[in-house]
Amino acid sequence: MEWASLYRDIVESSPDGIWVIDLGGRTVYANPRLAELAGRTAGETDDLTLDDLPAQSGIDRLRARIAEVVAGGVCGADVEIRWPRADGDDVWTLAGCTLLMDAQGHPSAVRLRFIDFSDRRLMHEALRESEEALRDQIAQNELMQAIVSAANEATTLREVLMRARDLVLVHDDWSRARAFLHEDGRLTPLHLDEADRMADALDPFAEVEVALAERCLESRSLEWDERRLTLAFPVLLDDVVHAVIVITSAPPLYRFGLIETMAVRVADQVARVIERERVQGDLARARDDAMAASRQKSEFLATMSHEIRTPLNGVIGLGDLLLRTELTPEQLRLATGVQIASRALLGVINDILDFSKIEAGRLELEHVDFEVRPLLDQVAAMLTETARSKGLDMVVSCHPQVPARLRGDPTRLAQVLTNLVSNAVKFTQRGGVIVRAMAAPDGDQVRLSVEVSDTGIGIAPAEVPSLFEPFTQADASTTRLYGGTGLGLAIAKEIVEAMDGRLRYSPNLGGGSVFAFSVLLDTASGVAGASEDVRARAALQGVRALVVDDTEHNRIIVEEQLSWWGVASDSAQSAAEAMTLLEHSLLDADHRYAVVLLDLAMPQQDGLDLARAIRSRPEWADLRLLMLTSVTGVDRDTWQAAGIDDVLPKPVLATTLRSALLELLAAPEPAADPATAGPVRGRVLVVEDNPVNQMVATGLLAALGYESITADDGEVAVDLALDPAIDAVLMDIQMPRMDGYAATRAIRQQPAGRRKPIIAMTAAAVEGERDRCLEAGMDDFLTKPVDPAALAETLAHWLGDEAPAAATAPPAAAAPAVTGPGGGAEADVDLDLTRLSMLRDLDPDDTVYLDRAIDNFVANCEAALEAMRAAVDARDAAALRAVAHKLAGGALNLGAMRAGEAVRSIEHLATDGDVEQAAARLIPLEDHLDRAREALLAYRRSYQAARPPA
């Protein structure tokens with residue numbers, strides 16, 4: 001067989017297409033398989049050239065490969081060639097090339113081999129499309145997860161639409177996104193900002209989006225544009241279109257079914273946000289309606305309580321006056337019943353008023369310095385007689401670690417204490433009540449804890465969970481037996497929590513109840529310690545005392561009280577033990593007792609027996625004996641015959657015990673000799689627009705040893721403050737022309753020199769007032785009506801001097817019997833006689849300051865009332881507030897408490913801009929002012945009549 005024939009047979013029968021072309025690309029030879037691949041007959045391949053293959057078939061790559069081979073290179077990798085067949089069924093092949101030489105060794109032709117790989121190509125395409133679909137699916141899932149997350153975090157439709165837009169644009173497939181809100185029957189495009197709105201207006205494609213969104217709204221289904229590059233889909237909830245979202249892709253775009261599924265899921269997530277927003281809106285409206293109803297109820301209760309209290313106070317006052325007249329026994333019984341019922345009703349109204357304020361969120365706390373122990377004593381003093389009449393022991397203890405003064409709201413604190421202690425007394429029939437106060441540092445503040453325990457009826461465990469709920473008492477029978485509104489504990493709980501504290505209940509192990517609370521208070525900003533306590537420590541330091549009582553907690557509490565004043569003490573639980581300790585003290589001169597505090601009722605030997613035994617020994621002749629007893633009606637001759645120096649009824653308040661010890665053990669203070677009076681302590685500028693307040697302030701200063709000058713407003717004060725002789729400034733806050741804040745700032749801007757302390761005087765002792773004063777440049781803060789002791793301590797602190805002796809409130813002169821024009825005892829129901837006695841005692845021999853202050857107040861009342869009426873008619877809240885502030889200050893300074901509080905309530909309403917409510921209170925205010933004027937004039941007549949003739 002010839003090799004040429006064999007080679008030809010092999011080529012002719014080859015499964016690969018063989019195509020030999022000359023260097024010009026024309027056919028030299030083509031085997032049958034090539035014709036089959038090209039979809040041609042054998043004869044049709046004779047005229048076939050490379051130029052017959054279209055560009056998209058990959059012929060350019062093949063030409064480049066042929067050129068490389070002809071140039072002497074080596075044929076590289078096969079080239080993909082798509083043969084376009086006449087029947088339209090193209091065939092994918094792999095083409096390789098080989099250079100053929102002529103007899104002289106020159107390139108003469110190129111042999112091309114084509115291998116059919118259509119099946120493999122289809123497999124690769126399918127795999128690639130599958131991978132792309134998977135990548136798209138992953139990308140769409142990530143987009144959906146991001147949109148779901150955004151929908152969960154969003155609270156409104158607008159918010160989720162804006163976030164969804166950003167998330168769509170981050171996706172590679174989408175180049176543009178726009179949301180339309182369906183509101184009031186039309187579609188409104190949602191823009192990010194004004195720049196976005198302007199860009200949309202200039203973009204012609206925006207019209208295409210609007211038109212497609214309108215089609216979508218009408219069809220309520222997905223809509224594609226003609227190019228199938230922009231899709232609009234609706235957001236439906238309850239079959240209502242709330243929004244339309246339009247997204248656009250750059251070409252090409254595939255997998256439309258996947259995209260439509262994604263669009264439906266996105267719309268579903270956005271619809272959930274709409275539903276959640278609707279529910280939240282319904283809840284918010286329901287909450288607002290409930291809060292509004294609660295506020296209206298509370299405001300109604302507050303208004304009605306005020307309106308009811310006004311005539312009720314008149315009933316109580318008239319009842320007091322009636323009880324002071326001559327009455328038959330039956331009239332006295334009936335009048336007393338009216339008075340008891342009136343005061344009970346007033347207590348109920350006050351509870352409702354406080355609770356309504358709390359519910360309305362109008363509970364305001366003062367932030368002022370106060371003395372802790374006097375506050376406890378005041379609460380105990382109000383309930384002492386009730387406890388004593390029931391035969392109860394009531395003990396009040398204040399641990400020595402409790403600071404003398406703290407800063408907070410003493411009025412509200414006293415309200416909580418009064419409620420707890422009065423409940424303990426009310427629900428206890430035998431045994432006693434113990435009030436114990438302790439304190440501990442808490443950062444820069446102090447945690448004051450108070451525990452009130454009793455041996456009363458206790459509380460059933462089933463009633464404890466609802467104990468602090470309003471209008472709740474232990475059970476129905478308690479309500480009938482003991483009375484009350486059931487609001488007291490609820491109010492106390494709210495007040496304590498407002499002071500960052502907690503009110504708790506626990507059963508008393510011995511029977512009864514224990515209520516305990518703790519509140520967070522600031523340290524006092526002024527000079528610590530009451531002046532009487534300071535004097536007591538100085539006089540009693542180093543004194544030794546013996547406490548004799550058979551009850552342990554009574555001994556502990558008395559010893560705590562004594563330690564506060566520096567008194568060292570021992571205790572004995574019986575007369576026999578006391579005698580033993582007294583015998584031992586004789587052996588040690590440093591251990592001698594100066595005073596024995598003895599209980600009356602003790603087993604075996606009572607206090608009288610012990611006193612007689614002590615007085616029978618001459619070596620104890622100088623020993624002072626002070627008896628403490630809860631037994632009423634001890635005969636004076638009996639205890640004096642036993643050698644007892646004084647008797648104090650239990651519960652013994654700290655102030656009472658202190659006074660008794662000072663009287664028994666301290667040397668009397670020498671009377672001041674006018675001829676040797678000390679020099680003037682300083683010169684004080686009083687800035688005050690109220691003449692009454694001016695007189696009171698200057699009178700106080702004179703009594704304290706200070707000279708003073710006055711300024712009627714801030715502008716005058718700025719000029720007077722330049723005087724180098726001025727040592728300190730007392731600055732009112734609310735004044736015409738220039739208020740206290742502005743005046744202080746102006747003074748502080750004056751040329752640098754000696755900094756003069758500026759001390760604010762304001763009736764607005766509310767949270768933040770002190771901070772505003774300090775920010776304006778003031779140095780300290782006093783509340784009106786100004787207390788002489790506080791004024792003395794404050795001036796002494798800032799002027800570097802010891803508090804003057806006048807800071808210790810002198811024993812009040814006996815309150816004169818205040819009589820009205822008819823001669824009956826009246827008017828004192830409207831006056832704070834303690835305040836007036838203090839003002840009168842500024843100079844007992846000369847009441848010129850008080851006389852002038854009363855005259856000024858009486859003369860100015862009518863003019864002030866007319867000015868307030870004019871301000872109401874003009875709806876001028878600012879003018880009304882200014883006049884009311886001035887009148888309230890004068891009334892409160894003179895002890896006209898009811899009139900002062902009535903004017904102050906109008907001032908508060910004017911501050912809130914509520915002129916209508918203020919107008920309603922002008923009518924009862926006239927009565928308050930009339931009564932105040934009559935009372936003050938009656939008080940003046942009383943002390944003038946009691947003045948000895950010159």
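Calculation notes
The residue count restarts for each chain, going from 1 along the sequence in the order it is written. For a predicted model such as this one, the threshold for reporting local features is a pLDDT of at least 70, and the threshold for listing and counting side-chain atom pairs is 80 or more; totals across whole chains, interfaces and linings nevertheless cover every residue. With hydrogens and water stripped out, all remaining heavy atoms of the structure feed into the side-chain values. UniProt positions are given in the numbering used here, feature names are shortened, and annotations may be inferred rather than shown by experiment. Only runs of H or I of at least four residues qualify as helices and only runs of E of at least two qualify as strands under DSSP, and these elements are numbered from the N terminus. When checking whether two residues touch, look at their non-hydrogen atoms; a contact exists if any pair is within 4.5 Å. Note on areas: Shrake-Rupley, 1.4 Å probe, and residue coverage restricted to the protein chains presented here. Every axis in this analysis is a line fitted to C-alpha atoms, fitted for helices over the stretch in contact. Angles between the N-to-C directions lie between 0 and 180 degrees. Each angle receives one of four descriptions, namely roughly parallel if under 35 degrees, roughly antiparallel if over 145, roughly perpendicular if within 65 to 115, and oblique otherwise. By convention, the crossing between two helices is left-handed when the near helix turns anticlockwise from the far helix through less than a right angle, and right-handed when the turn is clockwise. Lys, Arg, Asp and Glu make up the charged group, whereas Ala, Val, Leu, Ile, Met, Phe, Trp, Tyr, Cys and Pro make up the nonpolar group; the residues left over, Gly among them, are polar. Here, a strand pair is defined by DSSP locating no fewer than two bridges between the strands. We define a salt bridge as a contact between a side-chain nitrogen of Lys or Arg and a carboxyl oxygen of Asp or Glu at a distance within 4 Å. Only protein chains enter the accessibility calculation, which uses a 1.4 Å probe. A residue is then buried if its area is under 20% of the maximum for its type, exposed if over 50%, and partly exposed in between. The quantity called pLDDT is the predictor's confidence in a given residue, expressed from 0 to 100. Among buried residues, the Ala, Val, Leu, Ile, Met, Phe, Trp, Tyr and Cys ones that are joined through side-chain atoms within 4.5 Å form a nonpolar core. Two rings belonging to Phe, Tyr or Trp (six-membered ring only in the last case) form a pair when the distance between their centres is within 6.5 Å. Interplanar angles under 30 degrees mark stacking, angles over 60 mark edge-to-face geometry, and anything in between is tilted. In this analysis the charged atom, NZ for Lys or CZ for Arg, is taken to sit over a ring once it is within 6 Å of the ring centre and within 35 degrees of the ring normal. We define a polar contact as two N or O atoms separated by no more than 3.5 Å, with the added condition that, inside protein, one atom must be a possible hydrogen donor and the other a possible acceptor, whereas residues neighbouring each other in sequence contribute only through side-chain atom pairs. Here, expected helix span is obtained from the residue count minus one, scaled by 1.5 Å. To be clear, the arc concerns the directions from the helix axis to the C-beta atoms. Asp and Glu are treated as the negative residues and Lys and Arg as the positive ones, with His and the ends of the chain left uncounted.

- If you check an unreviewed UniProt entry, the chain appears there as histidine kinase from Nocardioides fonticola.
- The record in UniProt for the chain states the following under Catalytic activity (unreviewed entry): "ATP + protein L-histidine = ADP + protein N-phospho-L-histidine."
- Quoted verbatim from the Subcellular location (unreviewed entry) heading of the UniProt record, the comment on the chain is "Cell membrane".

A few points about the overall build of the chain
Logical step 1: Helix and strand content of the chain: 30 helices and 27 strands.
Logical step 2: Intrachain contacts of the chain at a sequence separation of at least 6 include 65% that bridge at least 24 residues.
Logical step 3: Roughly 46,700 Å² of accessible area belongs to the chain as shown, and the carbon and sulfur atoms make up 54% of that amount.

Some thoughts on the packing of helix α16 (residues 575-585) against helix α17 (residues 607-615)
Logical step 1: The contact between α16 and α17 brings their axes to 10 Å, and the two run at 25°. Comparing their axes, α17 and α16 come out roughly parallel. Handedness of the α16/α17 crossing: right-handed. Contact residues: α16 offers Ala575, Ala578, Met579 and Leu582, while α17 offers Leu610, Ala613 and Ile614.
Logical step 2: The residue inventory of the contact of α16 with α17, partitioned by class, reads seven nonpolar, no polar and no charged.

Remarks on the packing of helix α11 (residues 410-426) against helix α13 (residues 488-498)
Logical step 1: At a minimum axis separation of 10 Å, α11 and α13 run at an interaxial angle of 145°. When you trace α11 past α13, the crossing you get is left-handed. Between α11 and α13, the residues in contact are Arg412, Gln415, Val416, Asn419, Leu420 and Asn423 and Gly488, Leu489, Ile491, Ala492, Ile495 and Val496, respectively.
Logical step 2: Here the residues of the contact of α11 with α13 sort into seven nonpolar, four polar and one charged.

Thoughts on the sheet that holds strand β5 (residues 107-116)
Logical step 1: Taken in spatial order, the five strands make up an open sheet running β2-β1-β5-β4-β3, and their pairing is antiparallel. Each end of this open sheet is capped by a strand with a single partner; those strands are β2 (27-30) and β3 (79-83). Averaged over all pairs of adjacent strands, the angle between their axes in this sheet comes to 30°, without regard to strand direction.
Logical step 2: One ladder, built from three bridges, connects strand β1 (residues 17-22) with β2; its direction is antiparallel. Bridge assignment links Ile21 to a residue of β2, and that residue is Thr27.

With respect to the sheet that holds strand β18 (residues 544-548)
Logical step 1: Here five strands make up an open sheet; going across it, the order is β19-β18-β20-β21-β22 and the pairing parallel. Looking at strand neighbours, the two that pair on one side only are β19 (568-572) and β22 (646-649), the edges of this open sheet. Direction aside, neighbouring strands of the sheet carry axes that sit 20° apart on average.
Logical step 2: Of the strand pairs in this sheet, strand β21 (residues 624-629) and β22 are connected by four bridges, and their pairing is parallel. Each residue of the ladder has a partner; that of Thr629, found in β22, is Pro649.
Logical step 3: The strands touched by α16 within the sheet are β18, β19 and β20 (595-599), with β19 carrying the most contacts at an inclination of about 140°.

Quick word on the pattern of salt bridges
Logical step 1: In this structure the tally under the stated criterion is 35 salt bridges.
Logical step 2: Where Arg33 meets Glu36, a salt bridge forms, and the shortest distance between an N and an O atom there is 2.8 Å. Of this pair, Arg33 and Glu36 both sit in helix α2 (residues 32-38), three residues apart, roughly one helical turn.
Logical step 3: On the accessibility criterion, Arg33 (18% relative accessible area) is buried.
Logical step 4: Relative accessible area serves as the criterion here: at 48%, Glu36 is assigned to the partly exposed category.
Logical step 5: A single salt-bridge network, built from bridges that share partners, covers Arg33, Glu36 and Asp116.

Some words on the confidence of the model for the chain
Logical step 1: Here the chain averages 79 in pLDDT, while 82% of its residues score no lower than 70.
Logical step 2: Contacts for the low-pLDDT stretch residues 805-829, under 50 throughout, to residues beyond four places or in other chains number 54 contacts.

What about the nonpolar core?
Logical step 1: Of all hydrophobic cores here, the largest spans 56 residues; its most connected members are Leu791, Phe857 and Leu925.
Logical step 2: For this core, the element with the most residues is helix α26 (residues 848-873), which contributes 10 residues.
Logical step 3: Leave out the neighbours within four places in its chain, and Leu791 touches Leu700, Leu701, Leu704, Leu730, Leu782 and Val786.
Logical step 4: One finds Leu392, Leu406, Val450 and Leu653 within the second-largest nonpolar core, a separate group that totals 49 residues.

Some remarks on the packing of aromatic side chains
Logical step 1: All chains considered together, the criterion is met by five aromatic pairs.
Logical step 2: Linked through ring pairs, Trp19, Trp83 and Phe114 together constitute an aromatic cluster.
Logical step 3: Of note, Arg228 hangs over the ring of Phe256, and the distance from its end group to the ring centre comes to 4.2 Å.
Logical step 4: One residue, Arg537, lies across the ring of Trp564, its end atom 4.5 Å from the ring centre.

Observations concerning the side chain of Thr27
Logical step 1: Topologically, Thr27 is positioned in strand β2.
Logical step 2: Among the polar contacts made by the side chain of Thr27, one reaches the side chain of Trp19 at a distance of 2.9 Å.
Logical step 3: Separated by 3.2 Å, the side chain of Thr27 and the backbone oxygen of Thr45 make a polar contact.
Logical step 4: Residues in contact with Thr27, not counting those within four places in the same chain, are Trp19, Val20, Ile21, Thr45, Asp46, Leu48 and Thr49.

Quick look at the environment of Val883
Logical step 1: Within the secondary structure, Val883 is located in helix α27 (residues 877-893).
Logical step 2: As a C-alpha pair, Val883 and Pro736 span 147 residues in sequence and 9.9 Å in three-dimensional space.
Logical step 3: In this view, Val883 contacts Ala864, Ala867 and Met868; residues no more than four positions away in its chain are not counted.

Considerations on unusual backbone geometry
Logical step 1: Despite not being glycine, Arg228 shows a phi value in the positive range, around 55°.
Logical step 2: Position of Arg228 among the secondary structure elements: in the loop between β8 (223-224) and β9 (230-237).

Re helix α7 (residues 205-219)
Logical step 1: Along its 15 residues, α7 runs 21 Å from first to last C-alpha, staying within 8% of the 21 Å computed at 1.5 Å per residue.
Logical step 2: Of all the positions in α7, only Phe205, Ala206, Glu209, Leu212, Ala213, Cys216 and Leu217 are classed as buried. Buried residues of α7 fall within an arc of 145° about the axis and therefore sit on the same side. Of the exposed residues in α7, the ones pointing more than 90 degrees away from its buried face are Glu207 and Glu218.
Logical step 3: Where α7 is buried, its residues touch β6 (174-183), β7 (186-189), α6 (194-202), β8, β9 and β10 (240-249).
Logical step 4: Phi turns positive, to about 60°, at Arg220, one or two residues after α7.

Digging into the pairing of strand β25 (residues 728-732)
Logical step 1: Of all five residues making up β25, five are buried, and the element is well covered by its neighbours.
Logical step 2: By the alternation rule, side chains of β25 split into Ala728, Leu730 and Asp732 and Val729 and Met731, which are all buried.
Logical step 3: Inspection of the sheet shows strand β23 (residues 682-687) paired to β25 by four bridges, in the parallel sense. Note that in β25 the partner of Val686 across the bridge is Leu730.
Logical step 4: Alignment of β25 against strand β26 (residues 758-762), held across four bridges, turns out to be parallel. Each bridged residue has a counterpart across the sheet, and for Met731 the counterpart in β26 is Ala760.

As for the environment of Val496
Logical step 1: As for its position among the elements, Val496 is in helix α13.
Logical step 2: Taking the C-alpha atoms as reference points, Val496 and Val416, 80 residues apart in sequence, are found 7.7 Å from one another.
Logical step 3: Excluding residues within four positions of it along the chain, Val496 makes contact with Val416, Gly501, Arg502, Leu503, Phe517, Ser518 and Val519.

Regarding the side chain of Arg555
Logical step 1: Mapped onto the elements, Arg555 comes out in helix α15 (residues 552-564).
Logical step 2: Look at Arg555: it is buried, it has no salt bridge, and the nearest opposite charge is Glu552 at 5.1 Å.
Logical step 3: If we skip the residues at most four places from it in the chain, Arg555 touches Val547, Asp549, Asp550, Ser571, Ala572 and Gln573.

Let's talk about α16
Logical step 1: Regarding α16, the residues found buried are Ala575, Ala578, Met579, Leu582 and Ser585. One side of α16 holds all its buried residues, which, seen down the axis, span an arc of 120°.
Logical step 2: Tucked inside the fold, the buried residues of α16 contact β18, β19, β20 and α17.

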